Each structure stands twice: as C-alpha cells, then as structure tokens.
Amino acid sequence: MANFDRAIPPGGEGKITLVLNTLGYAGKLQKGARVLTNDPKIPQDTLIIEAFVKTPITVSEGMVFLKGTQQDTVTKTVDIRGELDKPLKIDPVDFTLDNKVKFRIEEVAEGKHYRVTFTSIPNVGRSYHGLLKLKTSYPEKPDLVIYVMGKFKY
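Residues numbered from 1 in each chain as written. Predicted model: local features only at pLDDT ≥ 70, side-chain atom pairs only at ≥ 80, totals over all residues. Heavy atoms only, no water.

Student: What's the story with the sheet that holds strand 8 (residues 90-95) in this structure? I'm lost.
Tutor: For sheets, the rule is that strands pair by backbone hydrogen bonds, running either parallel or antiparallel. Strand order in the open sheet made by the four strands is 6-12-11-8, with mixed pairing throughout. Taken across any chain shown, the strands that pair with only one partner, and hence form the sheet edges, are strand 6 (63-69) and strand 8. Across the sheet, the axes of successive neighbouring strands diverge by a mean angle of 25°, strand direction being ignored. Bridge count between strand 11 (residues 127-136) and strand 12 (residues 143-153): nine bridges; the pairing is antiparallel. Paired with Leu-132 across the bridge in strand 12 is Ile-146. (Pairing = 2+ DSSP bridges. Helix = DSSP H or I, 4+ residues; strand = E, 2+ residues; numbered from the N terminus. Axes fitted to C-alpha atoms, helices over the stretch in contact; angles between N-to-C directions.)

Student: Help me understand the nonpolar core in this model?
Tutor: The nonpolar side chains of a soluble globular protein tend to be buried, and buried together. Residues Leu-66, Ile-80, Val-101 and Phe-118 are the most contacted members of the largest nonpolar core, which totals 23 residues. Elements represented by at least two residues in this core include exactly strand 6, strand 7 (75-82), strand 8, strand 10 (113-120), strand 11 and strand 12. Considering each element in turn, this core owes the most residues, four residues, to strand 12. (Core = buried A, V, L, I, M, F, W, Y, C linked by side-chain atoms within 4.5 Å. Buried < 20%, exposed > 50% of the residue type's maximum accessible area, 1.4 Å probe, protein only.)

Student: Explain the packing of aromatic side chains here, please?
Tutor: For any two aromatic rings, the description comes down to two numbers: the centre-to-centre distance and the angle of the planes. By the definition in use, this model includes two aromatic pairs. Centre to centre, the rings of Tyr-128 and Phe-152 are 6.0 Å apart; their planes meet at 25°, and the pair counts as stacked. One end of the pair, Tyr-128, is in strand 11; the other, Phe-152, is in strand 12, and 24 residues separate them in sequence. No difference in accessibility class separates Tyr-128 from Phe-152, as the two residues are buried. In this arrangement the basic side chain of Lys-86 is found over the ring face of Tyr-138, its NZ or CZ atom lying 5.4 Å from the centre. (Phe/Tyr/Trp six-rings, centres within 6.5 Å; stacked < 30°, edge-to-face > 60°. Lys NZ or Arg CZ within 6 Å of the ring centre and 35° of its normal.)

Student: Please clarify how empty space enclosed by the protein should be interpreted in this entry.
Tutor: Vacant regions in the atomic arrangement are exposed by a probe of water-molecule size rolled over the atoms. In total, this model carries one cavity of 30 Å³ or more according to the counting rule given. In this model, the largest cavity occupies a volume close to 40 Å³. Its residues placed into classes, the lining of the largest cavity shows five nonpolar, five polar and one charged. (1 Å grid on protein atoms, 1.4 Å probe; cavity = no way out; pocket = protein on both sides within 12 Å on 5 of 7 lines; lining within 4 Å. Points joined across faces, edges and corners; volume = space filled by probe spheres on them. Nonpolar A, V, L, I, M, F, W, Y, C, P; charged D, E, K, R; others polar.)

Below, the structure is given as structure tokens:
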C-alpha cells in the first residue's frame, strides 16, 4: 500500500510512504514500487524496499501432500524450528485424520527443533484432507497448523 504527495513543486520535496505486509514471509524480502513523474529526464523510477523478516517459528512445509497407490505407505516430514532465544515446546491439540494418517513428533534439538513425520495408512481411501493443529510455548505464535492432503490410486 502506498500514500504519497500528489503534487510537488519544482525543486520541492515530497513524501512517499510504502507499507509492506510481511504476513506469510520469512527471511530476505525485496519489493519494488514504480514512481511516475513529469520530469522529462526521469519519467519513472523504482523504489526498492529490502527487509529481513524474522519469524518466531519457521515451518519447512505448511502443507503435506501424500500421494501414491492405495497399498502404499507414504511418509513426509515437516521441520519446525524455534527462532527466538527461548525454548520452544509444541503439543498437538487437534488432528482430523486419525484413521487415515499417523503422525509422530520428534524433538531433534532440545527446545529448538522438532520433526513431525506423517505416514499414510494403506487402503483407507482415495483422497482426503485434514490438519494437525499444534499449540506452542511462544505467545508470539501460539498456534501452528499443518495441512495434510492425500491422493491415492487403486
């Protein structure tokens, strides 16, 4: 979103305010905004905003897709890391695929890194979707949701 002074006198100064929504982003972020002018020497220019978005928790995958034949056992993993200088704890609070998928939470590095492993249960359906909701010990990010989809052929 941008706000700016519509008219600036020759030789004067103006103000351009750019607001960057960082929701859903992590790490290095770069966005540009094109500025049009009536200056014949520089009819347009681009303003670049660079930021590093630090998130309290990083999740390697927000969506797990299990795919194969109905007889297959398919496994996928998701890594969860606490990025703050305090221990992270996670606990499952809701899982909607109890009879179709199993999950296991392993603490890889105490209070810092967890691995969630999802494993399909053979012969339980052609397609399904659901989620695993986790409660965290970080008030900055109290809940995490990992979506799970399965698609299996006969």
